[in-house]
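# Summary of the model geometry
Each chain, letter by letter, is given below.
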Amino acid sequence: MRLNIRGGEAAIALADKDLASNVYALGTPPRIVVDISRAVSGAARAPGAAPAASSRQKTVVLDPGHGGNEEGARGEGARGAGGLLEKDATLALAKSMQEVLVRRGYRVVLTRTTDASVGLEDRAATANAAKADVFLSIHCNASKAPTAHGTEVFYLSLDASDRAAAALAESENRAGLSGSSTEKNAALRDLDLILWDLAQNQHLAASARLAEIVQADFNRLLKITTRGVKQAPFRVLIGVNAPAVLVEVAFISNPDEEKLLSSEEFRRQTAETLAGSLDQYFRKADAVAPVPYAPKPDGKR
Ligand SMILES: [Zn+2]
């Protein structure tokens with residue numbers, strides 16, 4: 001293996017064929033990790049054998065948004081009682097989802113299992129270290145309009161689909177940036193752009209497919225027809241080297257949905273719905289051969 005650094009570009013030349021690489025980010029200090037391992041060669045399979053992918057156990061990484069001193073959005077609460085906190089709602093949802101998914105044969109990894117503060121880059125790093133097949137960041141929406149309701153599913157774009165999506169991404173991205181200098185922000189932005197090139201970029205088509213399935217199933221669960229998939233620059237998705245979506249399950253700012261989010265029954269329904277979405281996604285994903293990531297030699301896309 002050779003590493004060539006020329007001006008602003010670094011290139012890794014691999015002497016061996018059939019090597020798989022996994023590129024991801026770690027925070028504090030911001031850095032890029034390149035894992036190189038020997039790929040399982042397609043030629044090594046017995047002729048006529050079914051692809052191993054369909055029978056392989058899938059790893060789902062669930063990312064309960066926020067945590068610790070970073071509470072996320074807050075519900076109004078009934079009759080002046082303290083409202084539901086997004087960080088608690090997302091953890092409870094993720095644990096219900098984990099239970100149901102494990103029962104359905106998935107391997108499930110959570111980016112946090114307690115009320116702890118976890119950086120956005122570290123959440124992506126957990127997914128990459130676990131070799132996630134999909135990554136779902138779980139959040140609860142908030143709006144000044146108390147009647148806003150329903151699920152919104154996002155996948156990554158550096159440009160938001162609309163102004164509401166941009167504002168939402170900005171508020172979710174604030175996590176873990178407390179006390180940051182503009183310098184640190186600028187450094188993170190540079191790193192984000194590099195990673196955008198390397199990590200999530202190669203999974204966008206699959207992320208979009210996953211987002212469409214989850215959105216349709218959750219629209220049925222919450223009996224709405226008007227919401228569609230959106231794109232926004234969510235930092236937690238950028239470094240994930242797997243199909244990745246961010247799900248705003250329901251509006252914590254809507255008193256009815258806040259009540260739903262507090263109920264175990266709703267969390268169980270949500271978990272069953274997600275399991276159905278993932279079953280459907282993997283049935284399709286396994287039927288389609290993955291498109292290899294092949295940047296052109298001149299670096300242009
Ligand atoms: Zn959130």
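Described below are features of the structure shown in this document. (Residues numbered from 1 in each chain as written. Predicted model: local features only at pLDDT ≥ 70, side-chain atom pairs only at ≥ 80, totals over all residues. Heavy atoms only, no water.)

### Quick word on the coordination of the zinc ion
Geometrically, a metal with four donors at the corners of a regular tetrahedron has ideal angles of 109.5 degrees, and one with six donors at the corners of a regular octahedron has ideal angles of 90 or 180 degrees. Note the cut-off: The donor set covers N, O and S atoms within 2.8 Å of the metal, switching to 3.2 Å for Na, K and Ca, and it leaves out water, so a site may look short of donors. Numbered from the N terminus, helices here are DSSP runs of H or I no shorter than four residues, and strands are runs of E no shorter than two.
Protein ligation of the zinc ion involves His66 (NE2), Glu86 (OE), His139 (ND1), Glu172 (OE) and Glu172 (OE), the donor distances falling in the range 2.0 to 2.4 Å. Each donor residue of the zinc ion belongs to the same chain, and together they define the spacing H-x19-E-x52-H-x32-E. Within this pair, whereas His66 is found in the loop between β5 (59-64) and α1 (86-103), its partner His139 is found in strand β7 (residues 134-141), the two being separated by 73 residues in sequence.

### Focus: the packing of α1 against helix α8 (residues 264-287)
Heads up, the condition is: In this analysis, axes come from line fits to C-alpha atoms, helices being fitted only over the stretch in contact, and the angle between any two N-to-C directions falls in the range 0 to 180 degrees. These descriptions rest on fixed angle ranges, namely under 35 degrees for roughly parallel, over 145 for roughly antiparallel, 65 to 115 for roughly perpendicular, and the rest for oblique. Here is the rule for handedness: rotate from the far helix to the near one, and if that takes an anticlockwise turn smaller than a right angle the crossing is left-handed, while a clockwise turn gives right-handed. Between two residues, a contact is recorded if the distance between any of their heavy atoms is within 4.5 Å.
Running from N to C, α1 and α8 cross one another at 50 degrees; their axes reach a closest spacing of 8 Å. The orientation of α1 relative to α8 falls into the category oblique. Considering the relative orientation of α1 and α8, their crossing is right-handed. On α8, the residues that touch Ala92, Leu93, Ser96, Met97, Val100, Leu101 and Arg103 of α1 are Arg267, Thr270, Ala271, Glu272, Leu274, Ala275 and Leu278.

### Regarding the packing of aromatic side chains
Here is the rule: Centres within 6.5 Å are what make two rings of Phe, Tyr or Trp a pair, Trp counting through its six-membered ring; a difference in plane orientation under 30 degrees is then read as stacked, over 60 as edge-to-face, and the rest as tilted. Throughout this description, buried means an accessible area under 20% of the type-specific maximum (1.4 Å probe, protein chains only), exposed means over 50%, and partly exposed covers the range between.
If you walk through the whole model with that rule in mind, you get three aromatic pairs. Here Phe154 and Phe234 contribute two aromatic rings whose centre-to-centre distance is 5.1 Å and whose plane-to-plane angle is 75 degrees, an arrangement assigned as edge-to-face. Residue Phe154 is found in strand β8 (residues 152-156), and its partner Phe234 is found in the loop between β9 (230-232) and α6 (235-238); the two are separated by 80 residues along the sequence. Relative accessible area serves as the criterion here: at 0%, Phe154 is assigned to the buried category. On the basis of relative accessibility, which here comes to 1%, the residue Phe234 falls in the buried class. On the basis of an interplanar angle of 70 degrees and a centroid distance of 5.1 Å, the ring pair of Tyr281 and Phe282 is categorised as edge-to-face.

### Considerations on helix α2 (residues 120-129)
Counting buried positions over the 10 residues of α2 gives seven, a clear majority of the element. By the burial criterion, the buried members of α2 are Leu120, Glu121, Arg123, Ala124, Ala125, Ala127 and Asn128. Within two residues after α2, Lys131 carries a phi angle of roughly 50 degrees, on the positive side.

### Overview of the nonpolar core
Heads up, the condition is: Only buried Ala, Val, Leu, Ile, Met, Phe, Trp, Tyr and Cys residues count toward a nonpolar core, and they belong to the same one when joined by side-chain atoms within 4.5 Å.
The biggest cluster of nonpolar side chains holds 66 residues, and the ones touching the most others in it are Leu62, Leu101, Leu136, Val249, Leu261, Leu274 and Leu278. At nine residues, the largest contribution of residues to this core is made by helix α5 (residues 204-221).

### Overview of the pairing of β8
The test is simple: Paired strands, in this sense, are two strands between which DSSP finds at least two bridges.
Summarising burial for β8: five of the five residues are buried, a large majority. Here β8 pairs with strand β10 (residues 244-251) via three bridges, running antiparallel. When the sheet's bridge partners are listed, Val153 is paired in β10 with Val247. In terms of strand pairing, β8 meets β9 through three bridges, oriented parallel. Within the sheet, the bridge partner assigned to Tyr155 lies in β9 and is Gln231.

### Let's talk about the pairing of β7
The element β7 is extensively covered by neighbouring structure, given that eight of its eight residues are classed as buried. The alternating pattern of β7 places Val134, Leu136, Ile138 and Cys140 on one face and Phe135, Ser137, His139 and Asn141 on the opposite face, and all of these are buried. Two strands pair when backbone bridges link them, and β5 and β7 are joined in this way by five bridges, in the parallel orientation. Within the sheet, the bridge partner assigned to Pro64 lies in β7 and is Ile138. The pairing of β7 with β10 spans six bridges and is classified as parallel. Within β10, the residue paired with Asn141 across the bridge is Phe251.

### Quick look at a nonpolar patch on the surface
For the record, the criterion: By definition, no residue in a patch forms a salt bridge, and every one has over 30% relative accessible area; like charges are joined within 9 Å, nonpolar side chains (Val, Leu, Ile, Met, Phe, Trp, Tyr) within 5 Å. Per-residue and other accessible areas were derived by the Shrake-Rupley procedure at a 1.4 Å probe size, with only the shown protein chains allowed to occlude residues. When a carboxyl oxygen of Asp or Glu lies within 4 Å of a side-chain nitrogen of Lys or Arg, that pair is called a salt bridge.
Together, Met1, Leu3, Ile5, Ile12, Leu14, Ile32, Val34 and Ile36 give the surface a local cluster of nonpolar side chains, amounting to about 730 Å² of exposed area. Taken together, the elements giving at least two residues each to the nonpolar patch come down to β1 (2-6) and β4 (31-38). The biggest single contributor to the nonpolar patch is β4, with three residues. Structurally, the position occupied by Ile36 is in strand β4. A relative accessible area of 33% places Ile36 in the partly exposed class.

### Observations regarding the environment of Ile12
Secondary-structure assignment places Ile12 in strand β2 (residues 9-13). Residues Ile12 and Val34, spaced 22 residues apart in sequence, show a C-alpha to C-alpha distance of 9.7 Å. Apart from the residues lying within four places of it in its own chain, the contact partners of Ile12 are Met1, Arg2, Leu3, Val34 and Ile36.

### Considerations on the sheet that holds β10
Strand order in the open sheet formed by six strands is β6-β5-β7-β10-β8-β9, and the pairing between neighbours is mixed. The sheet is open, and its two borders are formed by β6 (107-110) and β9, each paired with just one other strand. Taken over all neighbouring pairs, the strand axes of this sheet differ in orientation by 30 degrees on average, direction set aside. This element, α2, spans β5, β6 and β7 of the sheet and lies at about 165 degrees to β5.

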